[in-house]
Amino acid sequence: MSTNSDGSLNPAIGGPMGGRRRLTGVRALMVLVACCGAILWAWRHLAENSDPGLVEARSFQERSIGMIRSGKPAERVTGIQQLERLHTGVVPVSIPPLVEALEDSNAEVRIAAAGALSWICFGESGSCSGGEVWQAAATALIRSLKDRDPAVRVAATKALASIGTSLANSDSGGETETIRASAAALIQCLNDPAPGVRSAAAIGLVDLASPGIAAPPIDRATVMDALVELLGDRDAGVRLSAIKSMISLPWGSAPPSALAEALEDESAENRAAVVIGLTPFRIGLDPWVPILLRLAEHDPDSNVRVQCLRTLSFTFKPPAVTSAVVPVLIASLRSMDATVRSQAASILSAFSTDAVAAVPDLLRVLNEPHDAKVVLFGGGPGSAEPAFEAARALGRIAPGTAKAKEAVAALIEFARSGPPRRHGWAAYALSEFGTAAEEAVPTLVKLVNDHPLDDRFNREASVVLALTKIAPGTPSAGQAVAALLPGLQSKASVSQIRALDALGRFGPSAAEAVPRIRALKDDPDSRVRDAAAKALTAIENEQAP
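Residues numbered from 1 in each chain as written. Predicted model: local features only at pLDDT ≥ 70, side-chain atom pairs only at ≥ 80, totals over all residues. Heavy atoms only, no water.

Draft legend 1. The arrangement of the overall build of the protein in detail. Helices and strands together make up the secondary structure of the protein, namely 28 helices and 2 strands. The buried share of the protein, taken over its 545 residues, is 48%. Sequence separation of 24 or more characterises 66% of the internal contacts of the protein that already satisfy a separation of 6 or more. Roughly 25,600 Å² of accessible area belongs to the protein as shown, and the carbon and sulfur atoms make up 57% of that amount. (Helix = DSSP H or I, 4+ residues; strand = E, 2+ residues; numbered from the N terminus. Buried < 20%, exposed > 50% of the residue type's maximum accessible area, 1.4 Å probe, protein only. Contact = heavy atoms within 4.5 Å. Areas by Shrake-Rupley, 256 points an atom, 1.4 Å probe, with all protein chains shown as cover.)

Draft legend 2. Local environment of the packing of aromatic side chains. Within the structure shown, the criterion is met by 2 aromatic pairs. Ring geometry for Phe-388 against Trp-425: centres 5.3 Å apart, planes inclined by 20 degrees, an arrangement best described as stacked. Linking Phe-388 in helix α19 (residues 386-397) with Trp-425 in helix α21 (residues 421-431), this pair joins segments that are 37 residues apart in sequence. By relative accessible area, which is 24% here, Trp-425 ends up partly exposed. Ring-pair connections join several aromatic residues into one group, and the members of that group are Phe-388, Phe-414 and Trp-425. (Phe/Tyr/Trp six-rings, centres within 6.5 Å; stacked < 30°, edge-to-face > 60°.)

Draft legend 3. View of the confidence of the model for the protein. Summary statistics for the protein give a mean pLDDT of 84 and a share of 80% for residues scoring 70 or more. Every residue in residues 1-9 is under pLDDT 50, and counting partners more than four places away or in other chains gives 13 contacts. Low pLDDT (under 50) marks residues 453-458, which in the prediction has 24 contacts with non-local residues, meaning those over four places away or in another chain. (pLDDT = per-residue confidence, 0-100.)

Draft legend 4. Looking closely at the nonpolar core. With 163 residues, the main nonpolar core has Trp-134, Phe-316, Leu-362 and Leu-444 as its most contacted residues. Ranked by residues supplied to this core, first place goes to helix α7 (residues 150-170) with 9 residues. Apart from residues lying up to four places away in sequence, Leu-362 is in contact with Leu-333, Ala-345, Leu-348, Ala-390, Ala-393, Leu-394 and Ile-397. (Core = buried A, V, L, I, M, F, W, Y, C linked by side-chain atoms within 4.5 Å.)

Draft legend 5. How the structure looks around helix α13 (residues 268-277). With 7 of 10 residues buried, α13 lies mostly within the body of the structure. Burial in α13 covers these residues: Asn-270, Arg-271, Ala-272, Ala-273, Val-274, Val-275 and Gly-277. Those residues of α13 that are buried lie in contact with α11 (236-247), α12 (259-262), α14 (288-298) and α15 (302-315).

Draft legend 6. Representation of the packing of helix α17 (residues 338-348) against α19 within the structure. In contact at an axis separation of 8 Å, α17 and α19 are set at 15 degrees when each is read in the N-to-C sense. Regarding the angle of α17 to α19, the classification is roughly parallel. Read as a crossing pair, α17 and α19 show a hand that is left-handed. Each of Ala-338, Arg-341, Ser-342, Ala-345, Ser-346 and Leu-348 in α17 lies in contact with α19, whose residues at this interface are Pro-386, Glu-389, Ala-390, Arg-392, Ala-393 and Ile-397. (Axes fitted to C-alpha atoms, helices over the stretch in contact; angles between N-to-C directions. Parallel < 35°, antiparallel > 145°, perpendicular 65-115°, else oblique. Left-handed = near helix turned anticlockwise from the far one by under 90°.)

Draft legend 7. Just the pattern of salt bridges, in detail. Using the criterion set out here, one finds 20 salt bridges in the structure. Ionic pairing is found between Lys-446 and Asp-450, a salt bridge with its closest N-O pair at 2.7 Å. Among the charged side chains, a network of salt bridges with common partners joins Arg-239, Asp-265 and Glu-266. (Salt bridge = Lys/Arg side-chain N within 4 Å of Asp/Glu carboxyl O.)

Draft legend 8. View of the packing of helix α20 (residues 404-416) against α21. For the pair α20 and α21, the least separation of the axes is 8 Å and the interaxial angle reads 160 degrees. Here α21 runs roughly antiparallel to α20, going by the angle between their axes. In this structure, α20 meets α21 at a crossing whose hand is left-handed. Residue-level contacts link Val-408, Leu-411, Ile-412, Phe-414 and Ala-415 of α20 to Arg-422, His-423, Trp-425, Ala-426, Ala-429 and Leu-430 of α21. When its residues are assigned to classes, the contact of α20 with α21 shows 9 nonpolar, 1 polar and 1 charged. (Nonpolar A, V, L, I, M, F, W, Y, C, P; charged D, E, K, R; others polar.)

Draft legend 9. A look at unusual backbone geometry. The linkage connecting Pro-318 with the following residue, Pro-319, adopts the cis geometry, with an omega of 5 degrees. Secondary-structure assignment places Pro-319 in the loop between α15 and α16 (326-332).

Draft legend 10. Expanded view of helix α3 (residues 73-84). Look at α3: 17 Å from first C-alpha to last across 12 residues, which is about the 16 Å you get at 1.5 Å a residue. Here α3 has its buried residues at Arg-76, Val-77, Gly-79, Ile-80, Gln-82 and Leu-83. (Expected span 1.5 Å × (residues − 1).)

Draft legend 11. Layout of the environment of Lys-469. For Lys-469, the position within the fold is in helix α24 (residues 461-470). Distance in space between the C-alpha atoms of Lys-469 and Ala-502 is 9.3 Å, their sequence separation being 33 residues. Beyond its immediate sequence surroundings of up to four residues, Lys-469 is in contact with Ser-431, Glu-432, Gly-434 and Thr-435.

Draft legend 12. Spotlight on the side chain of Gln-61. When you line up the elements, Gln-61 lands in helix α2 (residues 52-68). Of note is the side chain of Gln-61, whose polar atom sits 2.8 Å from the side chain of Ser-94. (Polar contact = N/O pair within 3.5 Å; in protein donor to acceptor, adjacent residues only side chain to side chain.)

So, in C-alpha cells, the structure goes:
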C-alpha cells in the first residue's frame, strides 16, 4: 500500500482495490484459456465429423470390433479381417482388440489377429510408432511365440518382425527395449521345432539388421552367424529361407563366403537359389568363377546348370570379376562341355588385352569343327557355339598385341569355312582390328558378292560394318566400294540405307558412287532420301578443296 504526498492512503496503488483488479485479470485469463480450449475441441470435433469417409470408417470399425467379441469364431475372424482394411486415421483404435484376440481360444482367430497386426503395420508404411499400442502389440506377439499351434507361432513371428522393424525405423527412441526384446525373441525362434517358424524368423531377423536402420537392435554379424548355422538345418525350406536372407541385403561388398557351402545342398532348388542370388553383386565374384563353371558342367540338375550359365553371362563381368580369373577361364576352354567353353570365351572377351594369354586356346576353340547337334541354353552372351564366342573374344583381345597377325589369319580362314552363320561372327571380330586386317578385304568382298542381292545386306550387316572399319584409307578401298555399290539397287530399303551409310564412310574414295546416290535423293522412302543426302555430303565435302 502507498500514500499520497500529504500522508493519506492511495487506494489505487497497492491497496485492496489493486489486489482485486489483479485477481480479476487472472480469472479473465483463465476464462480465456478455457474458452480457447473449448473452441479448439469444438473445431476438431466438427472437422473430424465433417469428413464422411472418416465417419463411415469409424462406424465400420465399431461394427468390426463388435464382431471380434462375437461368440462365433467365424464372425470373430471376419471382424479381424475387416479391421485390416481400415485406413490410417482410425488404426490406433483397432490395435487393442486385435491384441486381445491373440489370446482367443480359437487358433484361426489367433492366426488372423497376428496377420492383421502385421498387415496394418505394413499399411502404415513403416511408421507404426503409435507409442504404447504398438509396444503392447509387440509384447503380446512375443507371448504368442509360445503358442501351442505352429501356425499361430508362424503368424506371430512374421508380425513381430514387421512391427519390430517398423518401430526400429521410427526413430522415436521410446521403444528401444521392445525392439530389443523382439530381436531376441526372433533369435530364439530359430530353434523352434516348426520349420515354418524357423524360416519366418530367418527372414525377419534380416529386416531387423537392415543397414537402413541407423541403430539396429541386433548385431548384423550375429544374424549372419545364425543364418550360416541354418544352412545345416534338417529342413530344405528352412535352408532356402536362410539362403535368401543371406543374399537379400548388401551385407558387404562381396557375397558371403559361407554361401558356397549351400552350393553343396542336396536340394537342387536351394543350389539354384544361391546361384541366382549372386546376380546383384558387382564386385568380389572371383572365387565363384571356378565353382560356377564346375557346376555348369557337372551338377546333376539341368536347371542348376542353366542358372550357372545365365548368372555367369549376365553378372560375371568387370568389375564383378578381375583379370585374376583369366587362368581359370583358360582352363575352362579345354572343358569337354561346349556350353562351358562358350561361356569361358565370352567372359574372357571382357578383359581385352589383359587376357592375351588366352589367344592360343581361343584359336584352338575357333578351329573346332561345326557340330549342328550342340544345343546351348538360350539368352545372353555365351549362348552361341564355342567357336563363335572364340571369334568374338579374339576380336576383343588380340588387336594391338603380338598375337594380332595370327588372329587375323585365323579369323579369315574361319570366315571362309563352315556354315554361313560364321560369316557375321568372323566379320565382326575382324572389324575390331581396323586397317590391320586389310588382308581380310578380299574375303569380306566375296562374302558380300556370294549372297542374293535382295538379302545380302540384311544377312551380312557385320560384313558391311567390317568393310567400313577396315578398308577406308587403304589400297583396298576401291575394291570394297565396288562391292557395296549393288546394295544401292536393293529392293529392301534397309539394305539401301546400310549401303549409303557405308559408302559415306569412304569419303572421296566412294566418288564413283555419287551418280547412283544422287538418283536416290528422289526415292519415295524418306529414310532413303535422308541417307542419300548424308552420304553425298560426306563424299563431296571431302572432295572439295
